[in-house]
Amino acid sequence: YVGNSAFSNCNNLKNVELPKSVMEFGKNAFMGCSSINKISIFNCISEGMFIDCTGLSVVNISDSINYVANEAFRGCNNLKEVKGGENISKIGKKAFYKCSSLMKIDLSKNIEIIEKSAFEGCSKLQEVEFSDKIRIISKKAFAECGEIESINFPESIRRIANDAFYKCFKLQ
């Protein structure tokens, strides 16, 4: 177990290689660690785990993870690429909020729920492909993602909430 804020604001921390035996992380475990640039996550993504890790550019998510917690990557404004996570079924509130360098997210084909403001402010996000299992796109999920040009919704969609695509100016 890695506790709440255990490495919070360790600005010179560059590499994090925790063994797979670490099964749980507390809230805000690496918040504000601005020098971390690449991370592989094996067992869980906790709430606020990497808030404001401004140096983070690549995230590899293990297929054993099924949920991206609230605010997990909020404010990671240099995050460009998120890979893996084939079993993720839910993306939490503000999970990728203001990740303004994120252009493409290649996640699970099993995502059912995208919670409020999950990708809000990802101003460079261009490609969004929904799984055949997507049911709910919550309020402001993709608000201010001004580079998204097109979206195809599968038959599984049941709810697209208010302002889900607010200020997606290029959407046709």
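Just above, that's the structure.
Every residue gets a number counted from 1 within its own chain, in the order that chain's sequence is written. With the structure being a predicted model, the display of local features is reserved for residues of pLDDT at least 70 and the display and counting of side-chain atom pairs for 80 or more, all residues being used for whole-chain, interface and lining totals. To get the side-chain values, take all heavy atoms of the structure and skip hydrogens and water.

Caption draft 1: Region of the structure containing the sheet that holds strand β7 (residues 113-114). With parallel pairing, the 5 strands of this open sheet are ordered in space as β3-β5-β7-β8-β9. Two strands lie at the open edges of the sheet, namely β3 (67-68) and β9 (159-160), each paired on one side alone. In this analysis, strands are considered paired if DSSP registers two or more bridges between them. A run of H or I in DSSP becomes a helix once it reaches four residues, and a run of E becomes a strand once it reaches two; helices and strands are each numbered from the N terminus. Here strand β8 (residues 136-137) runs beside β9; their pairing, made up of 2 bridges, is parallel. Within the sheet, the bridge partner assigned to Ile137 lies in β9 and is Ile160.

Caption draft 2: Highlighting the environment of Ile148. The topology assignment puts Ile148 in the loop between β8 and β9. Note on exposure labels: buried denotes an accessible area under 20% of the residue type's maximum, exposed denotes more than 50%, and partly exposed covers the range between, all computed with a 1.4 Å probe on protein chains only. Residue classification places Ile148 among the buried residues on the basis of a relative accessible area of 0%. Sequence separation between Ile148 and Ser46 is 102 residues; the distance between their C-alpha atoms is 28 Å. What makes two residues a contact is simply this: any of their non-hydrogen atoms within 4.5 Å. In this structure Ile148 touches Leu125, Gln126, Val128, Phe142, Lys170 and Leu171, once residues within four positions along its chain are discounted.

Caption draft 3: Molecular detail of the pairing of strand β1 (residues 38-41). What you see with β1 is a clean split: Ile39 and Ile41 sit on the buried side and Lys38 and Ser40 on the side with no burial. One ladder, built from 4 bridges, connects β1 with strand β2 (residues 58-61); its direction is parallel. Bridge pairing in β2 links Ser40 to Asn60.

Caption draft 4: A look at the packing of aromatic side chains. For this analysis, a ring pair means two rings from Phe, Tyr or Trp (six-membered ring only for Trp) whose centres lie within 6.5 Å, classed as stacked if their planes differ by under 30 degrees, edge-to-face if by over 60, and tilted for the remaining angles. As enumerated under the stated definition, the model contains 11 aromatic pairs in all. With a centroid separation of 5.8 Å and an interplanar angle of 80°, the aromatic rings of Phe130 and Phe142 are classed as edge-to-face. Placement of Phe130 in the loop between β7 and β8 and of Phe142 in the loop between β8 and β9 is noted, with a sequence separation of 12 residues between them. Accessibility expressed as a relative area gives 2% for Phe142, which makes it buried. Ring geometry for Phe153 against Phe165: centres 6.0 Å apart, planes inclined by 75°, an arrangement best described as edge-to-face. Of this pair, Phe153 sits in the loop between β8 and β9 while Phe165 sits in the segment after β9; the two residues are 12 residues apart in sequence, bridging distant segments of the chain. Residue classification places Phe153 among the partly exposed positions, given a relative accessible area of 37%. Look at Phe165 and you get buried, because its relative accessible area is 16%. Taken together, the ring pairs connect Phe7, Phe25, Phe30, Phe50, Phe73, Phe96, Phe119, Phe130, Phe142, Phe153 and Phe165 into an aromatic cluster. Of note, Lys94 hangs over the ring of Tyr97, and the distance from its end group to the ring centre comes to 4.8 Å. Should the NZ of a Lys or the CZ of an Arg lie within 6 Å of a ring centre and within 35 degrees of the ring normal, that charge is described as sitting over the ring.

Caption draft 5: Structural context of the pairing of β2. Sheet analysis places β2 next to strand β4 (residues 81-84), joined by 4 bridges and oriented parallel. Directly across from Val58, in β4, lies its bridge partner Glu81.

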